[in-house]
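Topology and contacts: notes
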There are 2 protein chains.
Amino acid sequence: MVADMISRSSGLALYLQVADAIRQKIISGEMAPGSLLPSEKYLAEEYDVGRDTIRDAMAYLRGEGLVESKRGYRSRVRANTSRERVWLHQGEVVWARMPTPQEKKDHGLGDGVPVLVVGDRTYPADRFEFGRE
Amino acid sequence: MVADMISRSSGLALYLQVADAIRQKIISGEMAPGSLLPSEKYLAEEYDVGRDTIRDAMAYLRGEGLVESKRGYRSRVRANTSRERVWLHQGEVVWARMPTPQEKKDHGLGDGVPVLVVGDRTYPADRFEFGRE
DNA sequence: CCCAATTTGTACGTATGTATA
DNA sequence: TTATACATACGTACAAATTGG
């Protein structure tokens, strides 16, 4: 029974404890990239918390870029994508921030995926990296 | 009255409409960087929605890195920080992702701030940028 | 230093909508 | 069509942090 790992008196918010537990399963590989998570209803019963608490935990993990959700289907562990390498030209500078809604739409980005900014162009951070030759 | 801008039949979720409205005020400068937002209670009345809807909108804006919240105090428009420039050495590669909880703690990062990764080191994306000389 | 008001955070509930299988 | 699952939106209550008197 996994619910033993959740403490209502630890001082740490329940949803963060749930997020920690699920994150650990993802990092350890117990939940493989691309695999489906249990339903929110199931998780709520497993950890003996309300569904809202599970939703908060999932939202937190989405923000970390660890899971992705879509309506009507169970959430999924985000698969690691390979990044295309782009060489920085002389004088170019790269930085990162979260995408605007328009950029999320344009690049088809889920939650928890930043963009890399070079000049006036943005690149999805899960598909690009920048290097110096 | 701003509530006119919120439509319950537009098909777009109310919290996204609220987020859009507040984001526009931030981008336009009507809400200056560093300034305090109205309380959630006030916003709920202003837009004539539940507090939960306002909270969802705020969480969305936090995820975008536009606002920051702390318990007991009103949310604040994130101030633009200046980024320290670091030169990439030959062969180095930089990419970005969301921080782990440990990295958030170590760097004192709020929501919606990615980290830049170079080798086995991470740099807060709101305080660093990488360039090629 | 303490107290009260304010504000956000957490957690529960219910109901309904919408996408997927 | 039906069942399942996540999304949205309302409500309530209390906890915890901050501010200011």
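Analysis parameters
- Residues numbered from 1 in each chain as written.
- Chains lettered and ligands numbered in written order.
- Predicted model: local features only at pLDDT ≥ 70, side-chain atom pairs only at ≥ 80, totals over all residues.
- Heavy atoms only, no water.
- Helix = DSSP H or I, 4+ residues; strand = E, 2+ residues; numbered from the N terminus.
- Buried < 20%, exposed > 50% of the residue type's maximum accessible area, 1.4 Å probe, protein only.
- Contact = heavy atoms within 4.5 Å.
- Areas by Shrake-Rupley, 256 points an atom, 1.4 Å probe, with all protein chains shown as cover.
- Pairing = 2+ DSSP bridges.
- Near = heavy atom within 4 Å.
- Polar contact = N/O pair within 3.5 Å; in protein donor to acceptor, adjacent residues only side chain to side chain.
- Nonpolar A, V, L, I, M, F, W, Y, C, P; charged D, E, K, R; others polar.
- Axes fitted to C-alpha atoms, helices over the stretch in contact; angles between N-to-C directions.
- Parallel < 35°, antiparallel > 145°, perpendicular 65-115°, else oblique.
- Left-handed = near helix turned anticlockwise from the far one by under 90°.
- Arc of directions from axis to C-beta.

Looking at an unreviewed UniProt entry, chain A carries the name HTH gntR-type domain-containing protein, with the source organism given as Dactylosporangium siamense.

Section: the overall build of chain A
When helices and strands are tallied, chain A shows 4 helices and 7 strands. Starting at the N terminus and walking to the C terminus, you meet the elements of chain A as α-α-α-β-β-β-β-α-β-β-β. With the principal axes as the frame, chain A shows a C-alpha extent of 55 × 30 × 25 Å. Looking at chain A as a whole, 43% of its 133 residues are labelled buried. Restricting the contact set of chain A to residue pairs at least 6 apart, pairs at least 24 apart contribute 50%. Of the roughly 7,500 Å² of accessible surface on chain A, a fraction of 47% belongs to carbon and sulfur atoms.

Quick look at the pairing of strand 2 (residues 73-77) of chain A
Residue and element names in this part refer to chain A. Both strand 1 (residues 67-70) and strand 2 contribute to a ladder of 3 bridges, which runs antiparallel. From the neighbouring strand, lysine 70 faces strand 2, where its bridge partner is tyrosine 73. Between strand 1 and strand 2, which pair antiparallel and follow one another directly, the connecting turn spans 2 residues, one of which, glycine 72, has a positive phi of 85°.

Observations concerning the protein's contact with DNA strand D
By nearness alone, 22 residues border DNA strand D, and Arg55 and Tyr73 of chain A together with Arg8, Leu14 and Thr53 of chain B come closest of all. Taken together, the sugar and phosphate atoms account for 74% of what DNA strand D places within 4 Å of the protein. Between DNA strand D and tyrosine 15 of chain B there is a distance of 3.0 Å, counted from a phosphate oxygen to a side-chain nitrogen or oxygen. Of all the secondary-structure elements, those providing two or more residues to the surface near DNA strand D are helix 3 (51-63), strand 1 and strand 2 of chain A together with helix 1 (14-28) and helix 3 (51-63) of chain B. It is strand 2 of chain A that contributes the most residues to the surface near DNA strand D, 3 residues altogether. Grouping the constituent residues of the surface near DNA strand D by class yields 6 nonpolar, 7 polar and 9 charged.

Some remarks on the sheet that holds strand 6 (residues 121-124) of chain A
Spatially, 6(A)-5(A)-4(A)-7(B)-3(B) is the arrangement adopted by the 5 strands of the open sheet, whose pairing is mixed. Either end of the sheet is taken by a strand with one partner, and the two such strands are strand 6 of chain A together with strand 3 (84-87) of chain B. Neighbouring strand axes in the sheet, compared pairwise and without regard to direction, differ in orientation by 30° on average. Across 4 bridges, strand 4 (residues 93-97) of chain A lies against strand 5 (residues 115-118) of chain A in antiparallel orientation. Its bridge partner lying in strand 5 of chain A, alanine 96 of chain A is registered against leucine 116 of chain A.

Considerations on the side chain of glutamate 103 of chain A
By the secondary structure assignment, glutamate 103 of chain A is in helix 4 (residues 101-107). Non-local contacts of glutamate 103 of chain A, meaning those with residues more than four positions away in its chain, are made with Arg97, Met98, Gly108, Leu109, Val115 and Thr122 of chain A.

A look at the packing of helix 1 (residues 14-28) of chain A against helix 2 (residues 40-47) of chain A
All names here are of chain A. In the contact formed by helix 1 and helix 2, the axes pass within 12 Å of each other and the chain directions differ by 110°. Taken together, the axes of helix 1 and helix 2 are roughly perpendicular relative to one another. Here helix 1 and helix 2 pass one another in a crossing that is right-handed. The segment helix 1 lies against helix 2, with Val18, Ala21, Ile22 and Lys25 engaging Leu43, Glu46 and Tyr47. Class assignment for the residues of the contact of helix 1 with helix 2 results in 5 nonpolar, no polar and 2 charged.

Considering helix 2 of chain A
All names here are of chain A. Within helix 2, the full set of buried residues consists of Glu40, Leu43, Ala44, Glu46 and Tyr47. Across the axial projection of helix 2, the buried residues extend over an arc of 165°, all falling on one side. Facing away from the buried surface of helix 2 by more than 90 degrees, the exposed residues are Lys41 and Glu45. Considering only its buried residues, helix 2 is in contact with helix 1 and helix 3. Backbone geometry just after helix 2 places aspartate 48 at a positive phi near 60°.

Observations concerning the protein's contact with DNA strand C
Around DNA strand C, the surrounding shell holds 22 residues, and the nearest of these are Arg8, Leu14 and Thr53 of chain A together with Arg55 and Tyr73 of chain B. Each atom of DNA strand C within 4 Å of the protein was assigned to sugar, phosphate or base; sugar and phosphate come to 71%. The separation between a phosphate oxygen of DNA strand C and a polar main-chain atom of glutamate 40 of chain B is 2.9 Å. Here a base nitrogen of DNA strand C and a side-chain polar atom of arginine 51 of chain B are 2.9 Å apart. For the surface near DNA strand C, the secondary-structure elements that each account for two or more residues are helix 1 and helix 3 of chain A together with helix 3, strand 1 (67-70) and strand 2 (73-77) of chain B. Examining the composition of the surface near DNA strand C, we find that 3 residues originate from one element, strand 2 of chain B, more than from any other. Looking at side-chain class alone, the surface near DNA strand C contains 6 nonpolar, 7 polar and 9 charged residues.

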